[in-house]
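These are the residues of each chain, in order.
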Amino acid sequence: MPASQPRSRARDRNNVLNRAEFLSLNQPLKGNQESRSSSRKQSSQAGAAGAQNSNPKERRQSQQLPEEDCMQLNPSFKGIAFNSLLAIDICMSKRLGVCANRASSWGGARSMINLLGITGHGIPWIAGTLICLVKSSTLAGQEVLMNLLLALLLDIMIVAGLQKLAKRKGPYDINPGLLDYLTMDTYAFPAGHASRAAMLSKFFLNHLVLAIPLRILLVLWALCVGFSRVMIGRHHITDVLSGFVFGYLQFRLVELIWMSSNTCQMLISIW
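Every value quoted in this text rests on a predicted model; they were computed, and no experiment measured them.

1. Things to note about the packing of helix α9 (residues 192-207) against helix α10 (residues 212-231)
The contact between α9 and α10 brings their axes to 8 Å, and the two run at 170°. As the angle between them shows, α9 and α10 are arranged roughly antiparallel. Along its contact with α9, which presents His193, Ala194, Ala197, Ala198, Leu200, Ser201, Phe204 and Leu205, the element α10 presents Arg215, Leu218, Val219, Trp221, Ala222, Val225, Gly226 and Arg229. Of the residues contributing to the contact of α9 with α10, the split by class is 11 nonpolar, three polar and two charged.

As structure tokens, then:
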């Protein structure tokens, strides 16, 4: 032990780093320690502030997400019923679209079904009403024709407005024809042909004296015109049914605002 002590002292003397001018190299810098400690404090403070700022947002999200998940996972009974009926309507409408294109099961009858649909279009009916109005010579006939013209114009405006609001597309991607663009019948809900056919059939049944076979044929014509739009893939079943309902309501509206013979004569003289 006494011999080892002088050796260790000799080693310390010979070590260059133990000299006075090199002692600062063996000691850590106080400035670095202070800067490191301050940077750590700042980072910890910034992290705490960020956590405080993010905590309200995270809390809001954590409060909102479960409610949204609950709404998606547990919809109301009305929502389930509505979605189920909508799915059934789309499925049945696609199955009944047997003339939607040439490759369909009844693709060869597409031209005939389109021709049946033209009989319920607004432009031919307006043109025919104007021609009959010009050739009519009786006051009663002119009164009926003027109110029929009013009913046709109201039908076009009401259906076009409802379609713009609903903007529902048909079961098949079929572009509207030229006559459809002229009457603004470009969407599916409600079916304009169905509403017009229902309104016209009710109008003729009330204001024309027809035999029973003609009355039956008139009702069958309105039904065929409505459901022909489903066969060619332009409308859903609910679009056609709602069209029948709106057609009846339009007829009731025309009955309420029915123009008298004097009013009709005044309008005819102005025209």
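2. Notes on the environment of Leu115
Here Leu115 is to be found in helix α5 (residues 110-118). As a C-alpha pair, Leu115 and Ser228 span 113 residues in sequence and 9.7 Å in three-dimensional space.

3. As for the nonpolar core
In this structure, Leu148, Leu152, Met199, Leu200, Phe204 and Trp221 are the most contacted members of the largest nonpolar core, which totals 18 residues. Mapped onto this core, the elements with two or more residues apiece are α7 (139-166), α9, α10 and α11 (237-256). The greatest single-element share of this core, amounting to six residues, is contributed by α7. Not counting residues within four places of it along the chain, the set of residues in contact with Leu200 comprises Trp125, Leu148, Leu152 and Trp221. Among the nonpolar cores identified, the runner-up in size contains seven residues, and Ala194, Val230, Val240 and Phe244 belong to it.

4. Overview of the packing of aromatic side chains
The geometry of an aromatic ring pair is captured by the separation of the ring centres together with the interplanar angle, meaning the angle of the planes. In this structure the tally under the stated criterion is five aromatic pairs. Considering the side-chain rings of Phe203 and Phe204, the 6.1 Å spacing of their centres and the 80° angle between planes classify their relative orientation as edge-to-face. As far as burial versus exposure is concerned, Phe203 and Phe204 are alike and both buried. Within the aromatic cluster, the residues linked to one another by ring pairs are Trp125, Phe203, Phe204, Trp221 and Trp258. Just above the ring of Tyr172 sits the side chain of Lys94; from NZ or CZ to the centre is 4.8 Å.

5. A short note on empty space enclosed by the protein
Over the atoms rolls a probe the size of a water molecule, and in doing so it shows where empty space is left. Scanning all chains against the criterion turns up one cavity of 30 Å³ or more. Looking at the largest cavity, its volume works out to about 30 Å³. Forming the boundary of the largest cavity are Ile156, Val159, Ala160, Gln163, Thr183, Met184, Asp185 and Arg196. The element that contributes the greatest number of residues to the lining of the largest cavity is α7, accounting for four residues. Partitioned by chemical class, the residues of the lining of the largest cavity number four nonpolar, two polar and two charged.

Parameters and conventions
- Residues numbered from 1 in each chain as written.
- Predicted model: local features only at pLDDT ≥ 70, side-chain atom pairs only at ≥ 80, totals over all residues.
- Heavy atoms only, no water.
- Axes fitted to C-alpha atoms, helices over the stretch in contact; angles between N-to-C directions.
- Helix = DSSP H or I, 4+ residues; strand = E, 2+ residues; numbered from the N terminus.
- Parallel < 35°, antiparallel > 145°, perpendicular 65-115°, else oblique.
- Contact = heavy atoms within 4.5 Å.
- Nonpolar A, V, L, I, M, F, W, Y, C, P; charged D, E, K, R; others polar.
- Core = buried A, V, L, I, M, F, W, Y, C linked by side-chain atoms within 4.5 Å.
- Buried < 20%, exposed > 50% of the residue type's maximum accessible area, 1.4 Å probe, protein only.
- Phe/Tyr/Trp six-rings, centres within 6.5 Å; stacked < 30°, edge-to-face > 60°.
- Lys NZ or Arg CZ within 6 Å of the ring centre and 35° of its normal.
- 1 Å grid on protein atoms, 1.4 Å probe; cavity = no way out; pocket = protein on both sides within 12 Å on 5 of 7 lines; lining within 4 Å.
- Points joined across faces, edges and corners; volume = space filled by probe spheres on them.

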